[in-house]
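Structural description and commentary
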Amino acid sequence: MVQPFAGFTGRDAPAESDLYRCVHCGLCLSSCPTYVETALEMESPRGRLALMKAVNEGRVEITPRIVSHWEACLQCRACEAVCPSGVPYGRIMERTRSQVRAAGLQSRELKRFSRFFLNSALPNPRRLRMGANLIRLYQRLGIQKLVRLSHLLYLLPGGIGKLESQLPPLSKRFFGPSDAVHPAQGAKKMTVALLSGCVMPLMQGPTMEATVRVLTRNGCDVMVPQGQGCCGALNTHAGDLENARAMARTNIDSLMGAGVERIITSSAGCGSSMKEYAELLKDDPEHRNKAIRFSGMTQDVTEFLVGLPFQVPTATVNRRITFQDPCHLAHAQRITAAPRTILNSIPGVELVEMENSSLCCGGAGIYSSVQPALSQRLLKRKMDSITATDTQEVITANPGCMLQVEMGFKSQGTNGRVRHVVDILDEAYGLE
Amino acid sequence: MDFKRFLKDLQGIVGAENVVYHSDDLLVFEYDGSVDRGMPEAVVFPNSTQEVSRVIALSHKAGVPVVGRGTGTGLSGGAIAPPGGIQVAFPRMNHILEVDTENRLALVEPGVINLNLDTHVRKFGLRYAPDPSSQKACSLGGNIAENAGGPHCLAYGTTTNHVLGMEVVLEDGAVVNLGSLARETVGYDLRGVFTGSEGTFGIATKIAVRLLPVPEAVRTFLGIFPDVETACTAVSTVIEHGIVPAALEMIDALTIQAVQKVTDAGYPDDAGAVLLIELEGLQDEVDEIGDEVEAALWETGASQVRTAEAAAEREQLWVGRKGALGALGGIAPNYFLVDGVVPRTQLAPVLGRVADVSRKYNIPIANVFHAGDGNLHPCLLFDERQPGALDRIVEAGTEVLQICVDAGGTLTGEHGVGLEKKEQMPLVFSEDDMAAMVLVRDAFAPDNSMNPGKIFPDGKKHTPHAHPPAHGMPA
Amino acid sequence: MESSLGEQLARLLGGSVVLPGDGYEVDGLTPQAVVRPVDRLQLAEILKWASSEGVALLPRGGGTRTGLGNVPRKADVVLDMGAFNRVLDYQPADMTATVEAGMTLASLQEHLASGGEFVPFEAAQANRSTVGGILSVGAGGPLSYAYGLPREWLIGIGVMSTQGVSTKAGGKVVKNVTGYDLNKLYTGSLGTLGVIVEASFKLLPNNPHSGMLLASFPTLAASISAGRKLLHSPAAPMGCHSVTSGVSRRLQDSVQAASQDLGLSEEDTALTFAFYSGRAQATRRRMEEAAALLLAEGANVVQRIDDPASNGMLRWLTDAPAEINPNSVLVIKVSVQSKSSARTSAECGEILVSGEKPEQMADPGFGSIRLLWPSSTEGAAEVELSILDAVQQTRQIASRYSGSAVVERCPLSVKRQIDVWGDAPDSLAVMRSIKDRFDPNGILNPGRFLGGI
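If you're wondering where the values come from, they're calculated on a predicted model, not measured in any experiment.

**As for the overall build of chain C**
From N to C terminus, chain C includes 14 helices and 19 strands. The C-alpha atoms of chain C give 22 Å as radius of gyration, which agrees with the globular expectation for 453 residues (22 Å, within 12%). The buried share among the 453 residues of chain C stands at 61%. For chain C, the share of sequence-separated contacts (at least 6 apart) that also reach a separation of at least 24 residues comes to 73%. When the accessible surface of chain C is summed, it comes to about 16100 Å², and 49% of that surface belongs to carbon and sulfur atoms. Between the centroid of the 40 positive side chains of chain C and the centroid of its 46 negative side chains there is a distance of 6 Å.

**Here we look at the interface of chain B and chain C**
In this complex, chain B contributes 85 residues to the contact, which on the side of chain C involves 73 residues. For the pairing of chain B and chain C, the buried interface totals around 6400 Å² over both sides, and the portion due to carbon and sulfur atoms is 56%. At the boundary of chain B and chain C, one finds 12 salt bridges. Note that Arg279 of chain C and Glu288 of chain B form a salt bridge whose closest N and O atoms lie 3.9 Å from each other. Along the contact surface separating chain B from chain C lie 29 residue pairs in polar contact (both at pLDDT 80 or more). If you list the elements that add at least two residues to the side of chain B that touches chain C, you get β9 (175-179), α7 (190-194), α10 (283-299) and α15 (431-444) of chain B. Looking at the side of chain B that touches chain C, the element that brings in the most residues is α15 of chain B, giving 10 residues. Across the side of chain B that touches chain C, the residue classes tally to 34 nonpolar, 30 polar and 21 charged.

**Quick notes on the packing of helix α11 (residues 205-217) of chain A against helix α23 (residues 421-430) of chain A**
Residue and element names in this part refer to chain A. In contact at an axis separation of 9 Å, α11 and α23 are set at 55° when each is read in the N-to-C sense. Here α23 runs oblique to α11, going by the angle between their axes. Crossing hand, α11 versus α23: left-handed. On α23, the residues touching Pro206, Thr207, Ala210, Thr211, Arg213, Val214 and Arg217 of α11 are Val422, Asp423, Leu425, Asp426 and Tyr429. Partitioning the contact of α11 with α23 into residue classes produces 6 nonpolar, 2 polar and 4 charged.

**Structural notes on the domain arrangement of chain C**
Residue and element names in this part refer to chain C. Each assigned domain of chain C is listed here: domain 1 (87-205), domain 2 (209-321) and domain 3 (324-415). Listed per partner, the contact involves 9 residues of domain 1 and 11 residues of domain 2. Taking both partners together, domain 1 and domain 2 bury about 840 Å²; carbon and sulfur atoms supply 70% of that area. Counting the surface domain 1 buries against domain 2, the share from its top three residues, Pro142, Leu143 and Tyr145, is 63%. Where domain 1 packs against domain 2, one counts 0 salt bridges. Taken together, the residues of the side of domain 1 that touches domain 2 break down into 7 nonpolar, 1 polar and 1 charged.

**Some details on the pairing of strand β5 (residues 87-91) of chain C**
Residues and elements named next belong to chain C. Sheet topology note: the β5/strand β6 (residues 96-100) ladder contains 4 bridges and is antiparallel. Opposite Asp89, over in β6, you have Thr98 as the bridge partner. Here β5 folds back onto β6 in antiparallel fashion, the turn holding 4 residues, of which Met95 has a positive phi close to 55°.

**A few points about the pattern of salt bridges**
Counted according to the given criterion, the structure contains 77 salt bridges over all chains. For Glu216 of chain B, the salt bridge identified is with Arg285 of chain C, shortest N-O distance 2.6 Å. Linking Glu216 of chain B in the loop between β11 (212-213) and β12 (217-225) with Arg285 of chain C in helix α9 (residues 280-296), this pair reaches from one chain into another. Salt-bridge contacts for Asp89 of chain C lead to Lys172 of chain C; the nearest nitrogen and oxygen are separated by 3.2 Å. You can see Asp89 of chain C sitting in strand β5 and its partner Lys172 of chain C sitting in the loop between β9 (166-170) and α6 (182-186), a full 83 residues away along the chain. Residue classification places Lys172 of chain C among the partly exposed residues on the basis of a relative accessible area of 36%. Salt bridges sharing partners connect three or more residues here, namely Asp18, Arg91, Arg95, Glu279 and Lys282 of chain A.

**Some remarks on the interface of chain A and chain B**
Counting residues at the interface gives 32 residues for chain A and 39 residues for chain B. Buried surface at the junction of chain A and chain B, summed over both partners, amounts to about 2800 Å²; 55% is from carbon and sulfur atoms. Applying the counting criterion to the chain A and chain B interface returns 3 salt bridges. The salt bridge partner of Asp25 of chain B is Arg65 of chain A, with a shortest N-O separation of 2.6 Å. Here chain A is connected to chain B by 12 residue pairs in polar contact (both at pLDDT 80 or more). Mapped by element, the contributors of at least two residues to the side of chain A that touches chain B are α1 (16-19), α2 (33-38), α3 (45-56) and α4 (64-71) of chain A. Broken down by element, the residue count for the side of chain A that touches chain B peaks at 5 residues, all from α3 of chain A. Class assignment of the residues belonging to the side of chain A that touches chain B gives a composition of 16 nonpolar, 9 polar and 7 charged.

**Digging into the environment of Val417 of chain B**
Its location among the elements puts Val417 of chain B in the loop between α14 (389-406) and α15. Sequence separation of Val417 of chain B and Gly326 of chain B is 91 residues, and the distance between their C-alpha atoms is 23 Å. Among all residues touching Val417 of chain B, those that are not within four sequence positions of it are Ser76, Glu198, Thr412, Lys422, Met425 and Ile455 of chain B together with Val177, Thr178 and Gly179 of chain C.

**A closer look at the sheet that holds strand β14 (residues 270-278) of chain C**
All names here are of chain C. A sheet is described by the order of its strands in space; here 8 strands give the open sequence β15-β12-β14-β13-β17-β18-β16-β19, paired in antiparallel fashion. If you trace the sheet from one side to the other, it starts and ends with β15 (301-306) and β19 (404-409), each paired once. Between one strand and the next, the sheet's axes are offset by a mean angle of 15°, whatever the strand orientation. As paired strands, strand β16 (residues 328-335) and β19 are joined by 5 bridges and run antiparallel to one another. In the strand pairing of β19, Ser335 is matched with Ser404. Along the sheet, helix α10 (residues 309-324) makes contact with β12 (209-217), β13 (239-243), β14, β15, β16, β17 (359-363) and β18 (368-374), crossing β14 at roughly 130°. Along the sheet, helix α12 (residues 380-400) makes contact with β16, β18 and β19, crossing β16 at roughly 10°.

Analysis parameters
- Residues numbered from 1 in each chain as written.
- Chains lettered and ligands numbered in written order.
- Predicted model: local features only at pLDDT ≥ 70, side-chain atom pairs only at ≥ 80, totals over all residues.
- Heavy atoms only, no water.
- Helix = DSSP H or I, 4+ residues; strand = E, 2+ residues; numbered from the N terminus.
- Rg over C-alpha atoms; globule rule 2.2 N^0.38 Å.
- Buried < 20%, exposed > 50% of the residue type's maximum accessible area, 1.4 Å probe, protein only.
- Contact = heavy atoms within 4.5 Å.
- Areas by Shrake-Rupley, 256 points an atom, 1.4 Å probe, with all protein chains shown as cover.
- Lys, Arg positive; Asp, Glu negative; His and termini not counted.
- Charge placed at Lys NZ, Arg CZ, Asp CG, Glu CD.
- Buried area = accessible area lost by both parts, 1.4 Å probe.
- Salt bridge = Lys/Arg side-chain N within 4 Å of Asp/Glu carboxyl O.
- Polar contact = N/O pair within 3.5 Å; in protein donor to acceptor, adjacent residues only side chain to side chain.
- Nonpolar A, V, L, I, M, F, W, Y, C, P; charged D, E, K, R; others polar.
- Axes fitted to C-alpha atoms, helices over the stretch in contact; angles between N-to-C directions.
- Parallel < 35°, antiparallel > 145°, perpendicular 65-115°, else oblique.
- Left-handed = near helix turned anticlockwise from the far one by under 90°.
- Domains from an automatic or database assignment.
- Pairing = 2+ DSSP bridges.

Here it is in structure tokens:
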């Protein structure tokens with residue numbers, strides 16, 4: 001069934017100029033969560049790149065074993081941030097996965113997931129929302145059958161398919177695009193477009209609303225234009241570059257409307273993905289230049305607020321918190337100071353740093369569903385770091401991390417809660 | 001030998017999950033941080049000294065050579081598997097067994113990562129001084145094998161000055177203790193000669209290292225100079241003041257350009273050399289000596305001098321130095337790093353002659369080095385995919401080594417000889433010198449089955465990156 | 001025998017370099033001749049000859065430590081390296097020097113002083129002790145806590161093999177991993193593997209300021225305990241020593257400057273020496289803080305002694321063991337984990353030889369303690385048993401604290417019954433194998449080293 005395969009082919013083959021930047025120095029090892037967890041070279045960035053080079057050089061075919069090492073990668077890009085040679089690992093892995101996908105050599109789990117979710121739900125916001133409505137119905141009525149139908153389960157942290165009772169509740173209100181403009185409070189500084197996204201408006205609707213409030217409070221007209229959809233990050237990560245490109249084009253066309261000066265997202269994963277539209281669409285004659293502009297305009301909400309700069313809240317929120325660096329904020333976007341600047345600005349907030357805050361929690365988009373075992377081990381490690389801080393509230397800046405750590409608290413049976421940076425900033429503003 | 005049977009026996013010792021033998025997986029064990037390659041027949045992850053001993057004894061009986069592998073960050077091919085050999089790697093033996101603050105020592109397993117040890121003991125106000133550039137990833141076992149150095153070895157010495165004792169496994173599986181927890185031991189200093197023996201004597205399974213107190217104050221100086229010669233004069237001037245800094249590092253113009261391309265380290269475009277100096281000690285000491293250092297830098301013609309004492313600001317000054325090697329990737333995809341050492345006073349003339357080599361071969365050479373101890377790191381930049389590039393690089397590299405030796409220096413200061421420089425050994429040592437060394441190896445490993453084929457010339461042409469057959473064995 | 005060894009040597013080299021062995025007695029054995037080669041060629045000839053004839057050679061530097069080691073199996077010819085006494089290369093700006101093995105430490109330091117530098121180890125009788133001898137013994141001095149042993153400073157070595165072949169290891173640069181580090185192997189090998197001909201060292205710049213604190217304590221235990229605290233404080237000295245009253249009384253006799261107000265009247269009084277050097281301001285601060293700490297730890301008196309008197313004290317302390325040795329019936333050097341210094345000292349302090357407790361010189365930072373039992377008037381047979389028992393007890397204590405106990409001095413009758421180096425470690429087989437390969441005919445210091453090597 002599997003075709004003999006020599007080398008990478010096609011326009012989405014990993015570029016040799018990227019691949020051969022790796023001088024196998026090994027400095028990435030200690031920052032790679034799967035290497036830290038398994039201590040196996042095969043599960044390290046350097047090992048995965050070596051396997052890619054071996055395939056590229058025609059020394060080996062793409063085998064299920066090799067694919068298993070590539071698929072065990074979280075794509076957290078911690079390695080990329082520490083690589084002294086500047087190897088664009090994220091990009092290489094995305095392209096490698098597209099090669100695996102094109103050759104039909106993905107693992108069964110990933111194939112199954114792709115069929116229902118990546119190919120169907122994500123590119124189609126309406127279908128996604130319908131599924132979410134069904135889940136919400138389930139949560140209200142307890143009709144378990146519906147869950148299996150919806151396949152939204154795949155988005156949830158690993159193992160949860162078997163633990164439906166622990167399913168995180170969907171938001172009471174879904175957030176969504178509209179024609180309305182949320183007007184700036186006080187003097188208007190800027191007009192921004194906010195990415196609504198795929199899962200976040202369904203599962204973290206209040207955080208989306210808080211984002212709007214925080215932005216308007218800081219002098220922004222906020223638009224959440226209709227027609228936008230999922231950023232395509234999950235498709236890109238899975239090597240489904242075609243769907244991802246289509247989704248990118250949709251978002252470029254809908255979000256970059258008249259008068260929009262910045263494109264804001266409160267999801268680190270989406271921000272990272274949108275900042276890379278330029279790379280994704282570099283061969284698209286029609287969208288290439290627009291994508292460059294789009295990526296330049298995109299900012300994470302924390303990055304944007306600190307750059308404004310934001311209004312320092314005056315009310316006191318007396319609380320000890322800890323901060324979990326989302327991989328796609330810390331590593332992919334290299335933003336670590338902005339969220340801390342905001343948190344430290346809130347009177348009364350005591351930020352207790354956890355150990356290895358930027359080591360992936362195991363959420364990693366669809367990873368928790370397709371690699372449940374490793375994902376759970378990483379979550380355990382993360383929860384241990386959180387427990388050691390003796391705080392009850394984890395702040396982060398990405399929906400995937402929020403779901404994963406919530407899941408961690410649930411399985412611990414403890415009462416911790418997880419919120420976004422804008423949630424606590426919004427809370428402080430609300431107390432003024 | 002029945003290899004299948006051998007594998008089964010290995011699995012019997014360490015457990016099936018701790019033996020890697022599938023040819024796909026072995027692809028990631030054929031390299032280290034150098035340009036050499038060699039595919040092992042299997043990789044074994046033992047959990048205890050006893051398992052190491054049994055694995056090595058079994059291999060010895062089967063006539064299979066063994067090499068220890070830390071994390072594969074070495075730069076001389078030291079951990080590359082010998083033909084037909086297996087690797088014993090230590091991801092499972094990575095525990096800090098004991099930190100004895102009263103005695104200022106730590107007992108560790110060989111798989112412990114250098115920086116993890118340092119970070120851990122800092123909680124007790126102590127530090128592990130040797131800090132190779134790969135300290136985030138490299139293991140103590142590998143550090144022992146290579147006698148690893150690092151920027152701060154200028155003041156504190158290399159790994160050998162920090163190892164008190166170790167438990168090692170010899171080629172027949174015998175477990176032997178070298179050195180002790182006390183500073184002085186009786187008999188030959190086997191611990192001293194084992195350190196830096198590049199895995200050819202045996203494999204360390206437990207290591208006792210000295211820890212030093214964290215200094216009260218640290219101050220970092222960054223001086224910008226118009227050219228390397230002036231910066232070298234500054235180095236001499238500092239030394240003439242009777243100052244031995246904790247670290248004294250330099251990067252040259254080409255490196256500065258590369259660094260500035262990747263990240264703004266704050267170096268002016270026309271900077272010809274950047275000098276980094278770090279002082280450690282009591283605040284009073286750092287203040288007094290610091291003033292002299294700063295004056296010396298200005299006196300010798302620095303165009304800028306920056307200083308920092310707070311950790312975050314010092315980190316900022318180090319950014320360019322620490323990212324230097326990687327930044328070279330922006331100029332060429334590969335570099336061949338020559339680890340030659342010269343007497344400090346020869347730095348400037350030797351760098352001049354290295355520049356001649358660069359012109360002669362038309363190979364860009366960037367210099368990032370430990371100026372304080374004369375340990376050069378000329379990086380010959382190239383693209384391995386160009387046919388014949390590597391051969392020319394090796395030839396030019398040999399010429400650079402000859403220059404170092406002619407200036408009274410030697411082949412390697414901290415990376416080891418390994419596969420990479422073994423054919424250059426005769427530049428420094430006579431047949432008789434090497435014969436004496438081999439006598440010691442023969443005493444530890446009479447059958448030469450521990451990491452054979454390293455260090456000493458055997459006339460086999462050094463063929464880095466020679467691709468082994470795609471499938472070593474069916475699995 | 002066709003002709004005496006002396007005659008054979010004289011034929012080989014010419015008479016001028018061969019002397020009779022009288023006065024060069026080692027452990028009761030009088031060598032037949034003393035040969036003093038003037039160059040490498042002669043040295044090589046001697047070694048080739050000795051190897052082929054099976055002649056036992058005893059390499060010798062200044063002859064200050066010839067008592068160290070087991071009774072030699074044979075002692076045919078003393079090999080005097082005194083003629084190899086030149087500085088071969090000294091580059092102050094490189095902070096390295098290469099010298100011949102027969103050069104004395106004092107003349108080496110004097111030479112280096114011209115460049116404002118020094119080699120950071122000490123040895124007793126520096127005007128006689130030679131570089132080769134110091135390396136062969138491998139031991140450190142009072143500042144070992146800060147500077148370590150001579151092994152830390154040796155960067156290159158030239159050795160004449162037992163086959164008369166010149167070999168080298170290391171080099172002249174301060175950082176070097178080219179080839180095996182045989183520097184470490186030869187250092188501390190007691191001349192059993194080859195004859196050290198030359199050595200290269202890394203150096204340090206002279207310290208602009210030095211000084212010391214001398215504190216008296218009611219007991220040795222209190223002195224050691226205070227020393228440990230001091231060593232772990234920011235005011236840590238370069239070296240810290242505690243000595244018992246018997247030792248300090250000799251100090252009072254020999255060093256006038258230190259004899260005032262030390263409160264040495266009490267029988268149990270112990271002295272703490274803390275040596276400092278470095279920049280003026282920091283050294284001053286360290287000494288002030290240290291003085292306060294020592295007083296707080298129960299010192300009777302703390303006296304500050306500045307350079308050059310402090311250097312005199314350092315020399316005195318370095319030489320003290322050699323001076324006291326002749327009046328001692330038994331001297332044992334115990335090396336343990338530094339944290340066990342206090343317990344080791346306390347337990348060893350109770351061991352009696354002919355009813356007498358030992359005097360002690362302890363370096364609680366480095367973890368070494370010298371025990372010196374005074375000479376006795378008892379009959380030889382009783383003393384012998386008592387000494388054997390003391391050696392046994394000391395070794396038990398040392399091994400309890402992961403250490404070793406080397407008998408540096410004892411009556412010959414006792415020496416013949418023991419291995420002065422103590423119990424062999426499990427690596428003895430490797431050591432023996434090294435010795436057999438380097439010296440297949442067993443001509444260098446046969447039997448003197450650990451386990452009869």
